Every structure is written in structure tokens, then in C-alpha cells.
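# Examination of the molecular architecture
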Amino acid sequence: MRKLDRLISRAEEVLIGLLILSASFILFANVIARYVFNDGFSWAEELVRYQIVWMVLLGASVAARQGIHIGIDILRRFSPPLMAKWIELLVHAVSIAFCLFLVVYGIQLTEQTHRFGQVSSALQAPMWIVQLAIPVGALLMGIRFTQHFFRTLLGREQASAHLDQIG
């Protein structure tokens, strides 16, 4: 299981890095084309916008893995240990439910867009590819919140966070 987790983590990070790199290159090339040659790429801003959508949703999964999503820290910090554990479990459960909601409705949106054959205005690219970021990102986030839920339930959350910081 740890190998699969590391593989997914690495894939997320590499994909986000490639998206950032290519978006930066595209924007830089577009600025040069626009201001030096007086003719920009009509598709550049649209492509970068869609890359940012994917970066945000994949980045949300990375944030969930690292435990840096918004939480109810003050309530948990000033609660007795047992109550803090239950609060944390509740927060993880609500996060999992929200991710499940996003996966289900993201799939429905993607299927509907695919069925209607909607394409983007400048790129003429299938919009379902852009919208696929919603269920994919939510699924990855849901996996991360589920991992945190079970680590907390089994009392391994602090040990796991410590190991993640070391390794």
C-alpha cells in the first residue's frame, strides 16, 4: 500500500510540475509573440486557464496528503485528547463525503459534456477533458482524507505525520 501511495504522490507532483513548467513557457512565449512580433497565440490563455484548473485540483490532493487543508484546529487544540480525536474523525468524514459528492457530480458533468460534444472556444478541445479534473482531483483528495481518517482512528496520525516530515 505504501508503494502505491508513493507512486500516486510522485505522479501528482510530477504532473503538477509539468503543468507549471508548460504554462510558464506558454505564457512567456505568448508575451514575446504579442509584444515583439505584435501577434500572440489565440489559444494560449485558454490552455493555461485549463492547466490551472488541473493544477488546483491536483494540488488540493497534495494539500490533503500533507494535512494542510483548512481544519478546526482551535477546537481540537483546546479539547481533551479523546474529544479532539472524534472532532478530527468528524472533519475527515465530512471531507470524504464532500469529495464523494464531487466525484459523483463531476462524473455526471463530464459524461454530459462528452455526450453533447462541447469544445472550448479557442482550442476547440473537448471540454470533458478539462472537466475530468473535478472527479479525478476529488477522488485523489478523498483517498487522502480516507487515509487520514484511518490513521486517526488507529492512532497513527501523529506517527505518520512525523515520518512524512522525515522522509
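Remember, it's a predicted structure, so these values are computed and weren't measured experimentally.

How each quantity is defined
Residues numbered from 1 in each chain as written. Predicted model: local features only at pLDDT ≥ 70, side-chain atom pairs only at ≥ 80, totals over all residues. Heavy atoms only, no water. Axes fitted to C-alpha atoms, helices over the stretch in contact; angles between N-to-C directions. Helix = DSSP H or I, 4+ residues; strand = E, 2+ residues; numbered from the N terminus. Parallel < 35°, antiparallel > 145°, perpendicular 65-115°, else oblique. Contact = heavy atoms within 4.5 Å. Patch = residues over 30% accessible without salt bridge, like charges linked within 9 Å, V, L, I, M, F, W, Y side chains within 5 Å. Areas by Shrake-Rupley, 256 points an atom, 1.4 Å probe, with all protein chains shown as cover. Salt bridge = Lys/Arg side-chain N within 4 Å of Asp/Glu carboxyl O. Buried < 20%, exposed > 50% of the residue type's maximum accessible area, 1.4 Å probe, protein only. pLDDT = per-residue confidence, 0-100. Phe/Tyr/Trp six-rings, centres within 6.5 Å; stacked < 30°, edge-to-face > 60°. Lys NZ or Arg CZ within 6 Å of the ring centre and 35° of its normal. Core = buried A, V, L, I, M, F, W, Y, C linked by side-chain atoms within 4.5 Å.

## Looking at the packing of helix 2 (residues 44-66) against helix 6 (residues 133-153)
In contact at an axis separation of 8 Å, helix 2 and helix 6 are set at 5° when each is read in the N-to-C sense. Accordingly, the angle class assigned to the pair helix 2 and helix 6 is roughly parallel. Contacts between helix 2 and helix 6 involve V53, W54, L57, L58, A60, S61, A64 and R65 from the first element and A133, I134, V136, G137, L140, M141, R144, F145 and H148 from the second.

## Describing a nonpolar patch on the surface
Taken together, the side chains of F98, L100, F101, V104 and Y105 define a hydrophobic patch exposed on the protein surface, amounting to about 510 Å² of accessible area. Within the fold, F101 resides in helix 4 (residues 81-116). The exposure class assigned to F101 is partly exposed, which follows from its relative accessible area of 43%.

## Let's talk about the confidence of the model for the protein chain
The pLDDT averaged across the protein chain works out to 88; a share of 92% of its residues lies at or above 70. Considering each helix and strand of the protein chain separately, the mean pLDDT is smallest for helix 7 (residues 157-166), with a value of 46, and largest for helix 5 (residues 127-131), with 95.

## Structural notes on the environment of L27
The topology assignment puts L27 in helix 1 (residues 2-36). Accessibility expressed as a relative area gives 36% for L27, which makes it partly exposed. Residues L27 and F41 lie 14 residues apart in sequence; the distance between their C-alpha atoms is 9.5 Å.

## Side note on the packing of aromatic side chains
Enumeration over the complete set of coordinates arrives at 4 aromatic pairs. With a centroid separation of 5.4 Å and an interplanar angle of 25°, the aromatic rings of F41 and W43 are classed as stacked. Using a relative accessible area of 34% as the deciding quantity, one classes F41 as partly exposed. Measuring from ring centre to ring centre gives 5.4 Å for F149 and F150, while their planes differ by 85°; the resulting arrangement is edge-to-face. In this structure an aromatic cluster arises from ring pairing among F98, F101 and Y105. A cation over a ring is seen here: R115 above F116, with NZ or CZ 5.9 Å from the ring centre.

## What to know about the nonpolar core
Counting 13 residues, the largest nonpolar core has L19, W54 and L58 as its most contacted members. For this core, the secondary structure elements donating two or more residues are helix 1, helix 2 and helix 6. With 7 residues, helix 2 is the largest single contributor of residues to this core. Not counting chain neighbours up to four residues away, the residues in contact with L58 comprise L15, I16, L19 and L140. Counting 5 residues, the second-largest nonpolar core is a separate cluster that includes A60, A64, C99 and F145.

## Re the side chain of Q131
Examined against the element boundaries, Q131 turns out to sit in helix 5. Using a relative accessible area of 14% as the deciding quantity, one classes Q131 as buried. In this structure, Q131 is in contact with L109, T110 and T113, ignoring residues within four places of it in sequence.

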